[in-house]
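Results of the structural survey
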Amino acid sequence: MKTLSPLPRLSGASERERTLLKLALILVALALPDVAPAGNLAGRYATITLDGSSSDWQPSDVMYFASEIAAGAPLASTFTSVSVANDSSFVYVALQHPAPTSILDPWTYNLYLDTDMTSTTGFNGGWMTGGYDHLVQYGAGGGSYSAFSFNGAAQSDWGWNWLGLISYSYSDLVTEWAIPISALGLTTDQMRMEFNVTGDGVTAETWAYQYESGVGTYTIATVPEPGSLSLLALGIGALFMAAKTARRCQRSAGRH
Ligand SMILES: [Ca+2]
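On a predicted model such as this, the values are computed, not experimentally measured, just so you know. (Residues numbered from 1 in each chain as written. Predicted model: local features only at pLDDT ≥ 70, side-chain atom pairs only at ≥ 80, totals over all residues.)

**Things to note about unusual backbone geometry**
Note the cis peptide between Ala73 and Pro74, where omega equals 0 degrees. Tracing the backbone through its elements, the reader meets Pro74 in the loop between β2 (62-64) and β3 (81-86). Residue Tyr209 follows Ala208 across a cis peptide bond; omega there is 15 degrees. Inspection of the secondary structure puts Tyr209 in the loop between β12 (206-208) and β13 (216-219). In this structure, Met117 is a non-glycine residue whose phi angle is positive, near 50 degrees. Within the secondary structure, Met117 sits in the loop between β5 (108-114) and β6 (134-139). Under the C-beta neighbour-count criterion, Met117 is labelled partly exposed, with 17 such atoms within 10 Å. We note that Ala140 has phi near 55 degrees; this positive angle belongs to a residue other than glycine. (Helix = DSSP H or I, 4+ residues; strand = E, 2+ residues; numbered from the N terminus. Buried ≥ 20, exposed ≤ 12 C-beta atoms within 10 Å, placed from the backbone.)

Below, the structure written as C-alpha cells:
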C-alpha cells in the first residue's frame, strides 16, 4: 500500500536540502503553543431531551474528550467526555461516566463559566485565573442543581448569589443538564467552560481543563436559517409577485 509522503515534491531534492527542510518543520512545530485550547466548540442548535441517554447527542458535540480530561477518583465521580449544545432557551451539557453514578452520590459537579470572556471579572480562586462570573452546581447527595452568579467582594472570595434551578436527568452512565441561558448573563455569544468534580467522597478531583490556557470556549449556536429549498420557494414567490405587480402596472398604465 502506498503511503502519502508529506514531501512529495522533494523526491528529487538532495539529502542536505531534505534534512534542512525537516529541521525547519521541527522548529515550526516547537514554536507552536505548548497547550492548545482543548475544548473550543462552535455549538450545534438542538433541543435535547433530558432522558439520561446520549441518543440525541452527536459526536461533534463533544467539547472535552477523554484525553483532555484530568480524570479523578472514584471512577463514578469522573467523566470521559463532556458534550455541549444549545437552543434559544437552554445550554445543554452531557457527561459520559465510566461507572454508574446518580445525583444522590455525595460529590459535587462544578461548572465555572466566564460569561463575559474577561478574566478581570468573576471568581479567581486558587490557581484559577479565568474570571468565572457564573457557577452551576449539581450533586451533593441530591441537594444541588442550581445556577449562581459571582458576588464576591474580591475575585478570590468564594461568594455566589443563587439564581435558579437547572433541569437534569441521569441514568447510570450519562448525566444531562439544561441550564437556562437567561441565568448566564452572557455579554456575547461566547463563554469559557471549566468543569470540576470535588467534595465528599472525591479522592482525586476531575478537571476539564486542568490548565487555564486550555479551558474551552463555547460559541452559542443561533437559530438555524431556513433551508435552501424554502429560500428558493420564497425567491420564486417573490418573483411571481413582482411579475404580477408589473403586469398590473402595465395594464393600469395602458388604461390612461
Ligand atoms: Ca469574567
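**What to know about the pairing of strand β9 (residues 167-170)**
Here 4 bridges tie β9 to strand β10 (residues 174-180), and the two strands are oriented antiparallel to one another. Bridge pairing in β10 links Ser169 to Glu176. The turn joining β9 and β10, which pair antiparallel and follow one another in sequence, is formed by 3 residues. (Pairing = 2+ DSSP bridges.)

**Observations concerning the pairing of strand β7 (residues 144-150)**
Two elements, β6 and β7, share 6 bridges in a ladder whose sense is antiparallel. Paired with Gln137 across the two strands is Ser146, which belongs to β7. Linking β6 back to β7 in an antiparallel pair, the connection comprises 4 residues, with Ala140 at a positive phi of about 55 degrees.

These values are about where atoms sit, not about what they do.
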